[in-house]
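Structure assessment
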Amino acid sequence: MLKVKESIGLLKINEGSVTSPAGFTADGVHTGLRYAKKDLGVLISEVPASCAAVYTQSHFQAAPLKITQESIGMDHKLQALIVNSAIANACTGEQGLKDAYEMRALCANSFGLKEEHVAVASTGVIGEYLKMDCIRNGVEDISPSKDGSPAFQEAILTTDTVTKKTCYEMMIDGKKVTIGGCAKGSGMIHPNMATMLAFVTTDAAIESSVLQQALSELTDVSFNQITVDGETSTNDMVLVMANGLASNEPLTSEHEDWDIFKQGLKLVCEDLAKSIARDGEGATKLIEVTVEGAATDEEARITAKKVVGSSLVKTAVYGADANWGRIIGAIGHSSAEVNPDKIGIFLGDQCLYHNGQPQNFSEDKAKEVLEKNTVNIYIDLRIGNGEGKAWGCDLTYDYVKINASYRT
């Protein structure tokens, strides 16, 4: 059986959210961009915060991402985020840029902030212009508060069926530090850093350059390891704000508590990534693939994501069919080094394939594993010490129904 690692020194706050860290408030309102649900949100820090972000690698980056990158590039500080759902403001040319700039200005003017301290995000249908009258009116109605995270979390959703949040506390320099986060994403999920957005807040003191390095590294083992349908969006963004109100000594890789902070940030990213995969359009199950024994960690991650992204694996999981040949098929065309005579494949605690030979296993017990809400697949390549994980979901009839009528 593969190793199971535990995290220590971190407390998960089940009722925590993106406003749990000191100095953060939020709100969300309905403006008319969507038929009935909230569609405009604002997240604000009491003081300018260090920041870090990663973005979609699509050639078609949406206007809000360009504005956010411009804001962060000015003095590497942010104090607010304004985000809308329903309309992505992607592939909208000069008018799209103008509208994103106006969103930034509206937020800054409404809350007395510098424009360059405001980030902008959008999610929804590509190729439609924003209804700016709705957004102008909506900004006037927004009233951020410590209790406003549920409204904010709802305002960023599109085809999601649930809101997605997480929160952890830890001690840094003897002071309580909190990291909270929320996300949206259900379809068009195959990040290269789906319509995936994730926003993380912390009251830790840390410089933007250090935070950026940590986020870039952790994105590769969390958000970039999920896939729902193999599609990458124009609007993917992960944004982190750290306002320093916990009053710890500024964190760096040399700080004695660096590892616990980084682990806390990793858990927040993993929780949000898994919640996106679990809520894949039409999904009924989360699939977690763990790979060990690869030549490198990167090759382990490549293999895990190849398996979890396989349509045949996904449909087999949906049908609770322990057809391990689907897993072999996916591994077989990955770019990782593979020795067919060494590999081991496990479904739950049952070995299905070992050293090039099929193994006797109980179909009934395998079916029980496949009928759980979370299906665990373990792969041991037995080549090196590389390890990695990936998350996805099953592929159901409802996925086709949802996407066949996405605009209607």
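None of these values were measured; they are calculated from a predicted model.

The rules behind these values
- Residues numbered from 1 in each chain as written.
- Predicted model: local features only at pLDDT ≥ 70, side-chain atom pairs only at ≥ 80, totals over all residues.
- Heavy atoms only, no water.
- Helix = DSSP H or I, 4+ residues; strand = E, 2+ residues; numbered from the N terminus.
- Buried < 20%, exposed > 50% of the residue type's maximum accessible area, 1.4 Å probe, protein only.
- Areas by Shrake-Rupley, 256 points an atom, 1.4 Å probe, with all protein chains shown as cover.
- Lys, Arg positive; Asp, Glu negative; His and termini not counted.
- Charge placed at Lys NZ, Arg CZ, Asp CG, Glu CD.
- pLDDT = per-residue confidence, 0-100.
- Contact = heavy atoms within 4.5 Å.
- Patch = residues over 30% accessible without salt bridge, like charges linked within 9 Å, V, L, I, M, F, W, Y side chains within 5 Å.
- Salt bridge = Lys/Arg side-chain N within 4 Å of Asp/Glu carboxyl O.
- Axes fitted to C-alpha atoms, helices over the stretch in contact; angles between N-to-C directions.
- Parallel < 35°, antiparallel > 145°, perpendicular 65-115°, else oblique.
- Left-handed = near helix turned anticlockwise from the far one by under 90°.
- Nonpolar A, V, L, I, M, F, W, Y, C, P; charged D, E, K, R; others polar.
- Pairing = 2+ DSSP bridges.
- Arc of directions from axis to C-beta.
- Core = buried A, V, L, I, M, F, W, Y, C linked by side-chain atoms within 4.5 Å.

This part takes up the overall build of the chain. Regarding its fold elements, the chain presents 11 helices and 15 strands. Expressed as lengths along the three principal axes of its C-alpha atoms, the size of the chain is roughly 65 × 55 × 35 Å. Burial status across the chain gives 57% buried among its 408 residues. For the chain, the exposed surface amounts to about 16800 Å²; the carbon and sulfur share of it is 47%. With 37 positive and 54 negative side-chain charges, the chain shows a spacing of 4 Å between the two charge centroids.

With respect to the secondary-structure elements, threonine 227 resides in the loop between helix H5 (208-219) and strand S9 (237-242). Each C-alpha atom, one on threonine 227 and one on cysteine 393, is 7.8 Å from the other, the two residues being 166 residues apart in sequence.

So, about the confidence of the model for the chain. This prediction gives the chain a mean pLDDT of 91; 93% of its residues lie at or above 70. This model gives residues 1-6 a pLDDT under 50, and the stretch forms 12 contacts once residues within four places in sequence are excluded. Note on residues 187-194: pLDDT under 50 across the span, and 52 contacts to partners over four residues away in sequence or across chains.

To continue, consider a negative patch on the surface. On the surface, Asp321, Glu363, Asp364 and Glu368 cluster together into a negatively charged patch. Within the secondary structure, aspartate 364 sits in helix H10 (residues 363-370). Under the relative-accessibility criterion, aspartate 364 is labelled exposed at 58%.

Two numbers describe how H5 lies on helix H6 (residues 258-278): the axes approach to 10 Å, and their chain directions differ by 50°. With respect to H6, the axis of H5 lies oblique. Considering only the axes of H5 and H6, their crossing is right-handed. Between H5 and H6, the contacting residues are Val210, Leu211, Ala214, Leu215, Glu217 and Leu218 on the first element and Trp258, Phe261, Lys262, Leu265, Lys266 and Cys269 on the second. Its residues placed into classes, the contact of H5 with H6 shows nine nonpolar, no polar and three charged.

What holds strands together in a sheet is hydrogen bonding between their backbones, with the strands either parallel or antiparallel. Taken together, the six strands give an open sheet; going across it, the order is S13-S12-S11-S14-S10-S15, and neighbouring strands pair in mixed fashion. A strand with exactly one partner marks an edge of an open sheet, and here the two such strands are strand S13 (357-358) and strand S15 (386-393). As judged from the four bridges shared by strand S11 (residues 344-347) and strand S12 (residues 350-354), these two strands associate in the antiparallel manner. Note that in S12 the partner of isoleucine 345 across the bridge is tyrosine 353. Docked against the sheet, helix H7 (residues 297-308) engages strand S10 (286-294), strand S14 (374-380) and S15, running at close to 20° with respect to S15.

What follows is about helix H3 (residues 132-141). Among all positions of H3, only Met132, Cys134, Ile135, Gly138 and Val139 are buried. Seen end-on, H3 carries its buried residues on one side only, within an arc spanning 150°. Residues of H3 that are exposed and point more than 90 degrees away from the buried face comprise Asp133, Glu140 and Asp141. In the core, the buried residues of H3 are packed alongside strand S2 (24-29), strand S3 (40-55), strand S4 (77-84) and helix H2 (93-111).

The next thing to look at is the nonpolar core. By size, the foremost hydrophobic cluster in this structure holds 39 residues, and its most contacted members are Met170, Ile206, Leu211, Phe223, Phe261 and Leu265. For this core, the secondary-structure elements that each account for two or more residues are S3, strand S6 (164-172), strand S7 (175-184), strand S8 (197-202), H5, S9 and H6. Discounting chain neighbours no more than four positions away, the residues touching phenylalanine 261 are Met170, Ile172, Ile179, Thr202, Ala204, Ile206, Leu211 and Leu251. Counting 29 residues, the second largest nonpolar core, distinct from the first, contains Ile287, Ala322, Ala330 and Val369.

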